[in-house]
Amino acid sequence: MVQRSAGEGSGLIDEAYAEVGATLVDTAAEVFAQADLIIKVKEPQPSEWPMIRPGQTVFTYFHFAASRELTEAMLATGATSVAYETLADDQGRLPLLTPMSEVAGRMSIQEGAKYLEKPQMGRGILLGGVPGVAPAHITVIGGGVVGANAAKIAAGFQASVAILDVNMDRLRYLDDIMPANVDVLFSDRHTIRKQLERADLVVGAVLIPGAKAPQLVRREDLSRMNPGSVIIDVAIDQGGCIETSHPTSHADPTYIVDDVLHYCVTNMPGAVGRTSTFALCNVTLPWLLRIVEHGIEKAAAVSAPIARAINLYQGEITNEPVAQTFDLPF
Ligand code: NAD
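All of the points below concern the structure found in this document. No experiment lies behind these values; they were computed from the predicted model shown.

What about the pairing of strand β4 (residues 57-60)?
Stage number 1. Alternating residues of β4 divide into Thr57 and Phe59 and Val58 and Thr60, and every residue in both groups is buried.
Stage number 2. One ladder, built from three bridges, connects strand β3 (residues 37-39) with β4; its direction is parallel. Considered in β4, the bridge of Ile38 is made with Val58.
Stage number 3. Note: β4 against strand β5 (residues 80-83), four bridges, orientation parallel. Paired with Thr60 across the bridge in β5 is Ala83.
Stage number 4. After leaving β4, the chain enters helix α3 (residues 68-77) and then returns to the sheet as β5, a path that is right-handed.

Side note on the site of the ligand
Stage number 1. As a structural note, the neighbourhood of the ligand is formed by 26 residues, with Ser101, Asp165, Ser187, Asp237 and Met268 the closest of them.
Stage number 2. Within the contact set of the ligand, a nitrogen atom lies 3.0 Å away from a backbone nitrogen or oxygen of Val234.
Stage number 3. Val265 places a polar main-chain atom, nitrogen or oxygen, 3.0 Å from a nitrogen atom of the ligand.
Stage number 4. In isolation the ligand has 860 Å² of accessible area, and contact with the protein removes 84% of it.
Stage number 5. For the shell around the ligand, the element with the highest residue contribution is helix α4 (residues 98-115), accounting for three residues.
Stage number 6. A breakdown of the residues in the shell around the ligand according to their chemical character gives 15 nonpolar, nine polar and two charged.

Side note on the sheet that holds strand β7 (residues 160-165)
Stage number 1. Read from one edge of the open sheet, seven strands run β8-β7-β6-β9-β10-β12-β11, paired in mixed fashion. If you trace the sheet from one side to the other, it starts and ends with β8 (182-186) and β11 (254-257), each paired once. Pairwise comparison of adjacent strand axes, ignoring direction, gives a mean angle of 20° for this sheet.
Stage number 2. Two strands pair when backbone bridges link them, and strand β6 (residues 137-141) and strand β9 (residues 201-204) are joined in this way by four bridges, in the parallel orientation. The residue bridging Ile141 from the neighbouring strand is Gly204, located in β9.

Side note on the nonpolar core
Stage number 1. Counting residues in hydrophobic clusters, the biggest one holds 34 residues, and the most contacted among them are Ile109, Ile138, Leu201 and Met268.
Stage number 2. By residue number, the principal contributor to this core is helix α5 (residues 145-156), which donates six residues.
Stage number 3. Excluding its chain neighbours within four sequence positions, the residues that come into contact with Leu201 are Ile109, Gly112, Leu116, His137, Ile138, Thr139, Val230 and Ile232.
Stage number 4. Val25, Val58, Leu70 and Leu312 belong to the second largest nonpolar core, which has 22 residues in total.

What counts, and where the lines are drawn
- Residues numbered from 1 in each chain as written.
- Predicted model: local features only at pLDDT ≥ 70, side-chain atom pairs only at ≥ 80, totals over all residues.
- Heavy atoms only, no water.
- Buried < 20%, exposed > 50% of the residue type's maximum accessible area, 1.4 Å probe, protein only.
- Helix = DSSP H or I, 4+ residues; strand = E, 2+ residues; numbered from the N terminus.
- Pairing = 2+ DSSP bridges.
- Right-handed = clockwise from strand over helix to strand, strands pointing away.
- Near = heavy atom within 4 Å.
- Polar contact = N/O pair within 3.5 Å; in protein donor to acceptor, adjacent residues only side chain to side chain.
- Areas by Shrake-Rupley, 256 points an atom, 1.4 Å probe, with all protein chains shown as cover.
- Nonpolar A, V, L, I, M, F, W, Y, C, P; charged D, E, K, R; others polar.
- Axes fitted to C-alpha atoms, helices over the stretch in contact; angles between N-to-C directions.
- Core = buried A, V, L, I, M, F, W, Y, C linked by side-chain atoms within 4.5 Å.
- Contact = heavy atoms within 4.5 Å.

Shown next as structure tokens:
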């Protein structure tokens, strides 16, 4: 059952669902009233909370730790909440978060290129330069999924790129796979400050799992950057790794501090909804089919990743960090 026009923003028309046998209904309320299993992208919104019933399973991003209100509302429904963001494989990787980091990392360079243009208040610099004129210098802080994807796209633009991390194994890996126009550097305060003097574009891509991002660029450091330089702080959803970052939206994505343009959109993949939809569905579908095949209880019994994804089970918290965050019983 598909809510009419649910796929419209991603360019997926209702007829495409109908053709493969889906029933289209006019409102989300009809889906919530009839379905045993609900699949979404964003966490349930307050208007949806009263529609969710005991015994139902909701499979989506929840980010419970960010909202006591959402946690308590979903507990009160008696439904089971299966969270994309805690579906961890046996190596501790989070396969349902990875595609969003890939999208945001690649997009950070596209946005950076745009905001470096003069009409967008940037320095007026072309990423790749031209014969006889140096390319832009791009500094990527954090060499995980976001950072590696940013560096790869930046390198493809023929920019001069530096990628910084603190994990030596990761640095060795990046050094192996990155092209010659990417310097792989250890991230410390000295190197970051040196990079700021050169960088036309800085991408913040640091993550310390379960913690607020460390502020690696301080306000006083901005004076080292050229006026019109651009910072894209992708890590903003964890507080940002630049002291002067604050969350922005696609409607009003940028602001300027000390002549440096900041872009700190918390939901970057939303701007490229079609790519993001396919990227997300590619990874969620196999898990969804397992849940459908076995039912959530049996699926959790046979699949540890699915068990880890269950944050709330019929009115009880089954994820320890969520319980600890709000001092609720586990
Ligand atoms: P990741 O875990 O793959 O990578 C993080 C990297 O940061 C790791 O390699 C780690 O070693 C490195 N790191 C830790 N401390 C560092 C330091 N002091 N200096 C340099 N590097 C350091 O995480 P990811 O998937 O790349 O995500 C990065 C951030 O982007 C996360 O906060 C994530 O939530 C965020 N994100 C935001 C959006 C958005 O729309 N804004 C979208 C996707 C992801």
